[in-house]
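# Residue-level structural notes
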Amino acid sequence: MTTAADSLAARDARRRLRTLKDHAVRYAVSIGGIGVIIAIALIFFYLLQVVLPLFKPATMAAGHSFDMPGPPSRTLHLSLEEHGGIGARYTAAGQVLFFDTADGRILDRVMLTDEGVMASALGVSSLADDGVVIGLDDGRILATETEYAISYPGNKRTVATGIEYPLGAEPVVVDEAGRAVIAVSGRVGEEDARFVSVLADGTVVVTHVAMETSFLTGELTVAESVNQELDVRVGNGELPVFALLDPMQEWIYLASQSGDAAALRRGPDGFALNERLQLVDPGERLTELTFLTGGISLLAGTDRGRILQWFPVRDPENEYRLQRVRSFDGPDSPVTALAPEHRRKGFAAGHADGTLGLHYTTSTRTLVERKVGDLPIRELTLSPRANRIVAETGDNLFRQWHVENEHPEISWSALWGRIWYESYPEPDYVWQSSSASNEFEPKFSLLPLSFGTLKAAFYAMLVAMPLAIMGAIFTAYFMSPAMRRAVKPTIEIMEALPTVILGFLAGLWLAPLLEANLAALFLLLVLLPGGMVLCGFLWQQMPATIRNRVPGGWEPLLLMLPVLILGWLAFALGPPIETAFFGGNLPQWISNRLGIDYSQRNSLVVGIAMG
C-alpha cells in the first residue's frame, strides 16, 4: 500500500526531475542562441575579410635598376614575359635584345634587318602574342612575335627566347621608291594580314597580305601583297605621325601632333574617310596615341599631362563616331609613354618630368601616381600579369617597380553609378562580370542586382499576399480540423525551400513553359477565378441533401477536380487563341504592337515561383 510519505517523495522526485529538465533546456537554448549569434558574427567577419581586399589601394614598390642592355641605340619597344623575369628590347638598329630583369644581363640577340637598314617605326600588333610590326627606313615592314619557350630540365624552370616571323623573315615591300616608314600598325590573322604605314612624305599606304599554307610543311607563306595608297590628310593638311589599325582590320586612325585626326573605315572598295576630329583641346599637342587592350578604345596623351579615352559610339543616324568618354589629369608635363595592360582595361603612363602613373579606365581611377625621378620616362612596359613595370629613363637606366593591383575595377562610382562602357551608346547600369575573352570589360554595377532583387520581392509579395491572407483565413475559420492538420504543415514545409532552388526551377522549367504558353497563362487568370466563383454558385444551388453529405470544412476537395479541368482547358485553348488573334506568337506581338520587350527570364516569373 502506497503511503502519503511515498506519494510526497514521488512528487518531490518528479519536481526535481522537472526542475533539472527546465535548467537543462534553459542552458541548451541559451547555448544554442549564443552559438547562432557567434556563427552569424563569424560569417559576417568572413564576408568582410573577403570584401575588404576589393577596396585595397594599389601599391607600387621600387625595385632595382640597371644600365640599358646593349648599345645606346634608341629603344622602340619594350616587353616582358609572363612572369616578368625576362625582357625584350627592340632598338632602332634593328636588333632585339633579350635581357634578365634581375641585373640587365643580355641573354640573347636577334638581328632583324640587313646591315645598314634601320628600324624607323614600330607598332604593337598583338599584346597576347607580343607581336609587333617594324617599319624600316627603306620602305619595307616586318612582322615579328616574341617567343618564350618554357621547359623544366632537372625540375628547374628554363626559358628559351626567340623571334617568330608570322609572314616569313623577308620584309614586305610597302614603297618601291624606298621612302622610310615613320609610323606603322598592323594585324596578322590566320589567313591574311593588313598593315597601315605612313611614309616620310606623309603618304599613307594600306598593305593587304594574303597567305597560304604549305602543303608539305604546314607553314604560312606570303602568297600576294597588295599596296593601296590613300589620299588622306589630317586637319589642316598636316602629316600624320600616328597610325593605328584596329584588331578587326575595320578602322584606321591617323593623327598629327597637333591632335588633328582622321578615322577611316573599311568598305567594299577599301578604306574611306569616316570622320575628321580633334583628339585634344585647343592649345594642346598630341604626344602619344595607342590602343587600350582590346583595340576598341584610343588612349591619347597630351603635352599637358592628360590622357584622354576615345571609342566609337553609334549616333542617331546609325553611324559610328569617335566619342571622348573620360580623361585622366596628370602632372603638367608631357606624356612620353603609354603601356596598356594585357588583360584588363588599365594602363601605365610615363611623363617627361619623371612621373609614373597607374590608371584604370572603367572606374576612372588614378590608382598610383608618383614622381620616380627627374628625367623623362622614354619607354614603358607592363608584364602580362600587370605586377611589374620596367621603364627606360633619360639617363639610359632601366628601372623597375613591383605592383600590387588586384582589383582596380572596383570603386563606389563603378558599383553604383552610370558607367560608359566600350561599344555602349551611353552610360548605363550593367552587371556582366565575366566573359570568354581577355579583352572583356567587366561590368560590376550593383544597381541591376539590387533593383532586380527588390522587383522580384515586390512581385512575389503581389502573388503571395492575397494567397497567404485568404488561405490563412480559410484555413483558420472554415477548413475542417482534420484537413487543417494535413494542409498547414505542408505549406509550412514549402517555406523551407531555398529561394535559390526556386529561382533555379523558375529559370529552367517555369520560364520556358510560360513563354511557350503565354496565352494560356492569361486565359488561366480569367478562367480560374471565374470558374471557382461559378462552382461556388452552382454548389449553393445544389439540394441540401447533397450538400449535407459533404462534412463541413471539406469543400476544398471538391474544387480540386474543377481546378484541374480549368487548367487543362486554358492550356488547350491557348494555342488556337494565340494563332487566331496574335499571329501565333504572343511575345512577339507584345513586342511589336505594345513596344514591350518580352524576356523569357523576367521578374514576374521569379515572383510567381517565390510567391
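Residues numbered from 1 in each chain as written. Predicted model: local features only at pLDDT ≥ 70, side-chain atom pairs only at ≥ 80, totals over all residues. Heavy atoms only, no water.

## With respect to the overall build of the protein
Summing up its helical and strand segments, the protein has 10 helices and 31 strands in all. The C-alpha atoms of the protein give 36 Å as radius of gyration, which overshoots the globular expectation for 611 residues (25 Å, by more than 25%). If you line up the protein on its principal axes, its C-alpha atoms span 120 × 80 × 60 Å. Buried residues in the protein amount to 40% of all 611 residues. Here the contacts in the protein between residues at least 6 apart in sequence split such that 49% fall between residues at least 24 apart. Accessible area of the protein: about 33,000 Å², with a carbon and sulfur share of 61%. The centroid of the 49 positive side-chain charges in the protein is displaced by 17 Å from the centroid of its 66 negative side-chain charges. (Helix = DSSP H or I, 4+ residues; strand = E, 2+ residues; numbered from the N terminus. Rg over C-alpha atoms; globule rule 2.2 N^0.38 Å. Buried < 20%, exposed > 50% of the residue type's maximum accessible area, 1.4 Å probe, protein only. Contact = heavy atoms within 4.5 Å. Areas by Shrake-Rupley, 256 points an atom, 1.4 Å probe, with all protein chains shown as cover. Lys, Arg positive; Asp, Glu negative; His and termini not counted. Charge placed at Lys NZ, Arg CZ, Asp CG, Glu CD.)

## A look at the packing of helix H6 (residues 518–541) against helix H8 (residues 555–581)
Axis separation between H6 and H8 bottoms out at 8 Å; the angle between their running directions is 145 degrees. Crossing angle aside, the handedness with which H6 passes H8 is right-handed. Among the residues forming the contact of H6 with H8, the class breakdown is 19 nonpolar, three polar and two charged. (Axes fitted to C-alpha atoms, helices over the stretch in contact; angles between N-to-C directions. Left-handed = near helix turned anticlockwise from the far one by under 90°. Nonpolar A, V, L, I, M, F, W, Y, C, P; charged D, E, K, R; others polar.)

## Side note on the confidence of the model for the protein
Within the protein, residue pLDDT values average 88, and 98% of them lie at 70 or more. Per-element averaging of pLDDT across the protein places strand S14 (residues 220–230) at the bottom with 78 and strand S20 (residues 298–302) at the top with 96. (pLDDT = per-residue confidence, 0-100.)

## Quick look at the packing of helix H3 (residues 447–477) against helix H10 (residues 603–610)
Close contact between H3 and H10 brings their axes to 7 Å; oriented N to C, the two are set at 50 degrees. In terms of axis orientation, H3 runs oblique to H10. As for how H3 packs across H10, the hand of that crossing is right-handed. Mapping the contact onto sequence places Lys455, Ala456, Tyr459, Ala460 and Val463 in H3 and Ser603, Leu604, Val606, Gly607, Ile608 and Met610 in H10. Tallied by class, residues from the contact of H3 with H10 come to eight nonpolar, two polar and one charged. (Parallel < 35°, antiparallel > 145°, perpendicular 65-115°, else oblique.)

## Some points on unusual backbone geometry
Residues other than glycine predominantly adopt negative phi, and peptide bonds predominantly adopt the trans conformation. For Gln249, which is not glycine, the phi torsion reads 60 degrees and is therefore positive. Along the polypeptide, Gln249 turns up in the loop between strand S15 (242–245) and strand S16 (251–255). Accessibility expressed as a relative area gives 7% for Gln249, which makes it buried.

## Topic: the sheet that holds strand S25 (residues 355–360)
Taken in spatial order, the four strands make up an open sheet running S23-S24-S25-S26, and their pairing is antiparallel. In the strand order of this sheet, the two ends are held by strand S23 (335–340) and strand S26 (365–371), each with one partner. The average undirected angle you get between the axes of adjacent strands in this sheet is 15 degrees. In this sheet, S25 lies alongside strand S24 (residues 346–351) in antiparallel orientation, the contact comprising five bridges. Looking at S25, one finds that Gly350 is bridged to Leu356. (Pairing = 2+ DSSP bridges.)

## Notes on the packing of aromatic side chains
Scanning the entire structure with this criterion turns up 15 aromatic pairs. On the basis of an interplanar angle of 55 degrees and a centroid distance of 5.9 Å, the ring pair of Phe66 and Phe99 is categorised as tilted. Note that Phe66 is positioned in strand S1 (residues 59–67) and Phe99 in strand S4 (residues 95–100), a separation of 33 residues in sequence. With 6.2 Å between their ring centres and 5 degrees between their planes, Trp251 and Tyr253 make a pair best called stacked. The class of Tyr253 is buried, set by a relative accessible area of 4%. In textbook terms, an aromatic cluster arises when at least three aromatic residues are bridged by ring pairs, as seen for Phe66, Phe99 and Phe398. The cationic tip of Arg26 hangs over the ring face of Tyr27; the distance from NZ or CZ to the ring centre is 5.0 Å. The ring of Tyr421 is capped by Lys443, whose NZ or CZ atom sits 5.3 Å from the centre of that ring. (Phe/Tyr/Trp six-rings, centres within 6.5 Å; stacked < 30°, edge-to-face > 60°. Lys NZ or Arg CZ within 6 Å of the ring centre and 35° of its normal.)

## Re the sheet that holds strand S21 (residues 306–314)
Strand-to-strand pairing in sheets goes through backbone hydrogen bonds, with the strands running parallel or antiparallel. Read from one edge to the other, the open sheet built from four strands follows the order S19-S20-S21-S22, with strand pairing classed as antiparallel. Unpaired on one side and paired on the other, strand S19 (286–291) and strand S22 (320–329) mark the two borders of the sheet. Pairwise comparison of adjacent strand axes, ignoring direction, gives a mean angle of 25 degrees for this sheet. The pairing of S20 with S21 spans four bridges and is classified as antiparallel. The residue bridging Leu299 from the neighbouring strand is Gln309, located in S21.

## Some words on the pattern of salt bridges
One pass over the structure, following the stated rule, counts 23 salt bridges. Residues Arg306 and Glu284 are paired through a salt bridge, measuring 2.8 Å at the closest nitrogen-oxygen approach. Residue Arg306 is located in strand S21, and its partner Glu284 is located in the loop between strand S18 (270–278) and S19; the two are separated by 22 residues in the primary sequence. Like Glu284, Arg306 is buried. A salt bridge links Glu341 to Arg344; the shortest N-O distance between them is 2.7 Å. (Salt bridge = Lys/Arg side-chain N within 4 Å of Asp/Glu carboxyl O.)

## Description of a positive patch on the surface
On the surface, a cluster of positive charge is contributed by Arg11, Arg14, Arg18 and Lys21. If you trace the backbone, Arg11 turns up in helix H1 (residues 4–51). Exposure remark for Arg11: the relative accessible area of 42% places this residue in the partly exposed category. (Patch = residues over 30% accessible without salt bridge, like charges linked within 9 Å, V, L, I, M, F, W, Y side chains within 5 Å.)

## Re H3
Given a rise of 1.5 Å per residue, 31 residues ought to cover 45 Å, and the 44 Å separating the end C-alpha atoms of H3 matches this to within 8%. Ala464 marks the point of greatest bend in H3, at about 30 degrees, and the proline Pro466 comes within the next four residues. Within H3, the full set of buried residues consists of Ala456, Ala460, Ala464 and Thr475. In the core, the buried residues of H3 are packed alongside helix H4 (481–494) and H10. (Expected span 1.5 Å × (residues − 1). Bend = angle between axes of the 7 residues up to and from the residue.)

## A few points about the side chain of Ser480
Counting through the fold element by element, Ser480 comes out in the loop between H3 and H4. Among the residues examined, Ser480 registers a relative accessible area of 5% and is labelled buried. Within the local environment of Ser480, its side chain forms a polar contact with the side chain of Trp554, the two groups lying 3.1 Å apart. Beyond its immediate stretch of four places on either side in the chain, Ser480 contacts Gly552, Gly553 and Trp554. (Polar contact = N/O pair within 3.5 Å; in protein donor to acceptor, adjacent residues only side chain to side chain.)

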